[in-house]
There are 2 protein chains.
Amino acid sequence: MNSAAVIDLSKSPHATVQPVAPGRVEVAEGFWDDRMRSMRSHGLERQFEQCELTGRLRNFERAAGRLEGEFEGRYYNDSDVYKWLEAASYALARAPSAALRARVDGVIEAIAAAQRPDGYINTYFSGPRTSWRYRNLTDEHELYCMGHLIQAGVAHRRSTGSDRLFEVVVRAAEHICETFGPESRPEPDGHPGIELALVELARETGNAAHLRQAVFFLDQRGADPPNLSGLHYHQDHAPVREQRDADGHSVRLTYLAAAMADAAMDTGEAEMLEASIRLWESAYERRAYVTGGLGSRYQGEAFGADYELPNDRAYAETCAAVGGIFWNARLLAATGDARYADWLETALYNGALVGVSPDGGEYFYANPLAADPQPTPDDQGGVHSSGAQQTVGGHQRQPWYDTACCPPNIARLLLSLAGYAYGVSPGALWVHQYLPGRVEATLPDGGFMTLRVATRYPWHGDVELMVEDAPDSPVDLRLRIPSWADGASLEVDGSREAVMPGSYAAMRGVWSAGTTVRLRLPMDVRLVASHPRVQANTGRAAIARGPLIYCIEATDHPESSLDTLVLGPNSDLEARDEPDLLGGLTTIRGSAGVAVQVRSDELYARFEGGKPELTGSTALTAIPYFAWANRTPGAMRVWIPYVDY
Amino acid sequence: MNSAAVIDLSKSPHATVQPVAPGRVEVAEGFWDDRMRSMRSHGLERQFEQCELTGRLRNFERAAGRLEGEFEGRYYNDSDVYKWLEAASYALARAPSAALRARVDGVIEAIAAAQRPDGYINTYFSGPRTSWRYRNLTDEHELYCMGHLIQAGVAHRRSTGSDRLFEVVVRAAEHICETFGPESRPEPDGHPGIELALVELARETGNAAHLRQAVFFLDQRGADPPNLSGLHYHQDHAPVREQRDADGHSVRLTYLAAAMADAAMDTGEAEMLEASIRLWESAYERRAYVTGGLGSRYQGEAFGADYELPNDRAYAETCAAVGGIFWNARLLAATGDARYADWLETALYNGALVGVSPDGGEYFYANPLAADPQPTPDDQGGVHSSGAQQTVGGHQRQPWYDTACCPPNIARLLLSLAGYAYGVSPGALWVHQYLPGRVEATLPDGGFMTLRVATRYPWHGDVELMVEDAPDSPVDLRLRIPSWADGASLEVDGSREAVMPGSYAAMRGVWSAGTTVRLRLPMDVRLVASHPRVQANTGRAAIARGPLIYCIEATDHPESSLDTLVLGPNSDLEARDEPDLLGGLTTIRGSAGVAVQVRSDELYARFEGGKPELTGSTALTAIPYFAWANRTPGAMRVWIPYVDY
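Residues numbered from 1 in each chain as written. Chains lettered and ligands numbered in written order. Predicted model: local features only at pLDDT ≥ 70, side-chain atom pairs only at ≥ 80, totals over all residues. Heavy atoms only, no water.

**Topic: the pattern of salt bridges**
Considering all chains together, one arrives at 109 salt bridges over all chains under this definition. With a shortest N-O distance of 3.7 Å, Arg533(B) and Asp563(A) are connected by a salt bridge. Of this pair, Arg533(B) sits in the loop between strand S14 (525–530) and strand S15 (540–545) while Asp563(A) sits in the loop between strand S16 (548–553) and strand S17 (565–566), placing the two residues on different chains. Accessibility expressed as a relative area gives 13% for Asp563(A), which makes it buried. Three or more residues are tied together by salt bridges with common partners; here these are Arg157(A), Arg158(A), Asp163(A), Glu200(A), Arg203(A), Glu204(A), Asp262(A), Asp266(A) and Arg330(A). (Salt bridge = Lys/Arg side-chain N within 4 Å of Asp/Glu carboxyl O. Helix = DSSP H or I, 4+ residues; strand = E, 2+ residues; numbered from the N terminus. Buried < 20%, exposed > 50% of the residue type's maximum accessible area, 1.4 Å probe, protein only.)

Following this line, the structure appears as structure tokens:
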């Protein structure tokens, strides 16, 4: 118990780097421990209350025939309960809690009671709607929901050792395998999820049919005639192995492409892996926000065209950043390529983390990179726009959403985070992410190695890794040098090693206990530019430091509209530790030019030259993007005009 | 016959300037005559074919019981036939055509046969769906369709003198007045249109009940409990008299706010007019594209927040530019304020005209201000996104759309355009728009004045107005000086008059035949800047000349990606007449700096200073925005980076 992986690649013949299970990773006090603690102690509680309040739990009681009344909410609401269970299972693995365990057991009992004798389960399609089962897989998410059930069941078994939920899950999987296949029904689900779930289930059951079923579903997209109406929205416009662009609903694409990479590690199908990589290149080399957010359009919650990355109308759903982390983790495992660990880190510290409040109890759905306090109504006639809720005072985190996919998604990510930090391959231990604590790693070829890590990352760039235990044979210790870390240095017992940003620095040797590796990542403040085809960012720079993207908020600049502030060569940006601000963070301080507000308030006027007229300068304060919208509501900008003034 | 107005304010007690009916306006050879001719000779024909092809006409035959089979298409398709009829009626008034007249009569006959005995008409809600009538006014557009029927009937009567369609219309109006009202059903239509129609019908029938009914519908928005689900999308979030921001579906807002101004001219309700003006200030002072396009969001086909004006994802539906013209025309008539004539002109020459091909037969629905040839799929699961169709090769005009509101909308605008050029008020003749030809104006207090206008506007800025006939008493001749026309000059028989851009220059006198007024509008090339809060345009300028906004297209710049071209102080932009290009137009030529493509192809990289590194310069060619997408498909940009290089 407690050593089981989130992604268990120990028997996947085509994996390059196996993740070290979170149960083998100790997370010491620091950045992530704080956040995991908030989620465990407060966030999970709030989410459970919401599941009760909104009838999500009552729906299971009703489906089990124990409660009268109508189904409440939306037809995909079961999935939120399953994701909460998955998150709670990870929490139980990290810190035993009798109260949480009892609550988890209660929910599992209700789920088991609601399951139909043939293994099917969905509380909406029960009672009077039983005959509606599978009438519309394009839109009605039944396999998506069961996918989350399966993920929860696998997580619960690995985290607690109990088979109670896993038995439910195996029955559901058997039902799915009987119902869908080359000889029976062909449709996949309009919302991917079942594919990732079945791949991981196959690793737990050892049943090759589960893996085959996952691959079957993957290959049912892009059929002729189409199974899902052929839309890009559902990634049904072409067979997945032939898809080239990250199109359509962004969360769906991340789940789908993650499953493609995942399945390929077990099947060895190079074509499937290559297609996933091709989609990744489209998503992260041409369509991703600097925060790791994905999805440029509210319309269809979709990816935009190449370089279409509006800041104010970034959809960048929290779930897409999280799904992107799942995807990057699998491509990293499949290939060992540092670029996936880089984007995983970016999404983690920025695009995903921004989705949750410091106390773990409030959440963003959409994540713009520029915001104004004015409410922008997004209520649409007959259009589902879950993430578009806006409150007066602007974009604020909410305790819950009508479509509540994001809150439990960020919960399950945070509570399994330790599983994304380390990897092993024959004769090698990989450090993907830097967090203080300890890792006990069993190498696939048998060696055992323990490292203790001390760091105040991401606020400080020094990482000290001390070998506590190591095999007698040589081991490659592979440390990721982030792509932003120009000037990083690495010393082993005082002797310098070569490093190259954007790759793993590999040190080979027979390690002895007590050996200390010192990695120094440069934490200078830097400005980031966009590709010139990103029209939204022409003439603008973003402030960054380490893995963090920064932003400016109105509350720190009461005397100037944010749109009048410009960066320039004399901005003299410097980091400042502020232990009392929002639980402790490093701000970036400097000076900004203040442009003339406007000669008139005209929407369009004669152009008066390339440089704004400056009236003076003012103090500039930037805070990490993930920390915005936690103080007085107001405007926010990530990309700031830069002028050679 | 032929003198009847599009908007007949001859008996509206609270109008300031009455439009001169198109039948009193001769349009001589030139810019608009070319376009009206194409629409009359080719566009109307193509649209009729599409109405036949897509079953829009068969639906009437079926509703009349003359044809078997199911209704074809969407439930609001009748409205396209009505708008075509309105356009065709204007065409008949300008140039008799036995063939067109026979076709119009045939359609009218089918409509009359399809009308139910109680006056109701909608070919979808007939036969087996008769009992569905008015089951869902929020979404199902029945009154919207009948509104277009009424507009067609009024136009047909005024244009041809025939009562055949008008009789149908009056029966439909009576049915509506009986069905909806304070004592009966309260709901307005989710899509405005009926309100404008009933106001104009009241002017034709003289029946005050029709005007009352229009005001009743206007005031049914924002009720408590809501009639239309209370959404901004339907402008149902507040009573119209209290609405402050141009929110929700942009076409709907323009039709609604136009009707508010229109009704106020007959009722004298200052509150209604003020609310329309307030909405106009929101729409045109904070939310309009430089082209006069409206609607920043695909999502909900909606207005965005203040200054939210993305270029690549501008929705800017052709119908919204057209609806904006209707709205501006009414506010101009209500107030005589030149700002409405300015935006009317901007929308006419840019945001509306771009919606139609030079031959009148192909149409844009959405009108981006930046486009790339790459297809950007916009197919959405279950989401209506009519304007989002994209073809391989990028954004191209189409012969028709599944939702085909735009083609007949641009047709009815073009064919009634002469009705927007002149106005009269007691003792005054107003020239709102400059086009060559002649106007015969009867002043409301009885005088009669005839002007002949010679101009090559918008290509050239000289306008010569010769008095042919005038009353013996003094008349104010009021010429609009466009807001962009800094340095305009005006001479009457050789003596200089003062002018102020953005206002009407008023010359009072007893005019004698042969007196010539010479207006010289400066046609220098100018650069336009956006308000600094328009984030999409930071560091960018748009090229303009006269009323025309220009753009650059890839086909004129085969050696450089458009994103590498920058304007600067040495761009030396000059106008060049090109009679052989796209039917004859004035291009703008100069030189652009060419920025280094990119050091790498990275999406994000270290920022290397505020100025792009230039590799040299290249010839720049800009063409009018309305003329783009008529040659080799490729990228297009309106807003171009400007650097002080």
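Here the narrative resumes.
**Some words on the sheet that holds strand S6 (residues 437–442) of chain B**
Residues and elements named next belong to chain B. The sheet built from seven strands is open, its strands ordered S2-S6-S7-S8-S13-S10-S11 with antiparallel pairing. Both edges of this open sheet fall to strand S2 (25–27) and strand S11 (495–497), since each of them pairs with a single strand only. Sheet twist, expressed as the mean angle between neighbouring strand axes with direction ignored, is 20°. Relative to S11, strand S10 (residues 489–492) runs antiparallel, the two sharing three bridges. (Pairing = 2+ DSSP bridges. Axes fitted to C-alpha atoms, helices over the stretch in contact; angles between N-to-C directions.)

**What about the relation of the copies chain A and chain B?**
At an RMSD of 0.0 Å, chain A and chain B line up after a rotation of 180° and a shift of 0.0 Å along the axis. Taken together, the rotation and translation relating the two chain copies correspond to the operation of a two-fold axis. In this assembly the copies share their binding face: 100% of the residues contributing to the interface of chain A also contribute to that of chain B. (Least-squares fit on C-alpha atoms with pLDDT ≥ 70 in both. Contact = heavy atoms within 4.5 Å.)

**Brief notes about the packing of helix H1 (residues 31–53) of chain A against helix H2 (residues 56–63) of chain A**
Residues and elements named next belong to chain A. Here H1 crosses H2 at 50°, and the two axes come no closer than 4 Å. The orientation of H1 with respect to H2, classified from their angle, is oblique. Each of Phe48, Cys51, Glu52 and Leu53 in H1 lies in contact with H2, whose residues at this interface are Arg56, Leu57 and Arg58. Of the residues belonging to the contact of H1 with H2, the class tally is four nonpolar, no polar and three charged. (Parallel < 35°, antiparallel > 145°, perpendicular 65-115°, else oblique. Nonpolar A, V, L, I, M, F, W, Y, C, P; charged D, E, K, R; others polar.)

**Describing the confidence of the model for chain A**
Low pLDDT means the predicted atomic positions in that stretch should not be read closely. Residues and elements named next belong to chain A. When pLDDT is averaged along chain A, the result is 94, and 96% of the positions lie at 70 or above. Segment residues 381–392: pLDDT under 50, and 32 contacts once partners within four positions in sequence are set aside and those in other chains are kept. Here the predicted complex scores 0.90 on pTM and 0.91 on ipTM. (pLDDT = per-residue confidence, 0-100.)

**Topic: the environment of Arg397(B)**
All names here are of chain B. Relative to the assigned elements, Arg397 resides in the loop between strand S3 (370–371) and helix H13 (406–415). When the C-alpha atoms of Arg397 and Ser357 are compared, they prove to be 7.1 Å apart, with 40 residues separating the residues in sequence. Sequence-distant contacts of Arg397, defined by excluding residues within four places in its chain, comprise Val354, Gly355, Val356, Ser357, Glu362, Tyr363, Phe364, Phe626, Trp628, Ala629 and Asn630. Of the polar contacts made by the side chain of Arg397, one reaches the backbone oxygen of Phe626; its length is 3.3 Å. Among the polar contacts made by the side chain of Arg397, one reaches the side chain of Asn630 at a distance of 3.1 Å. (Polar contact = N/O pair within 3.5 Å; in protein donor to acceptor, adjacent residues only side chain to side chain.)

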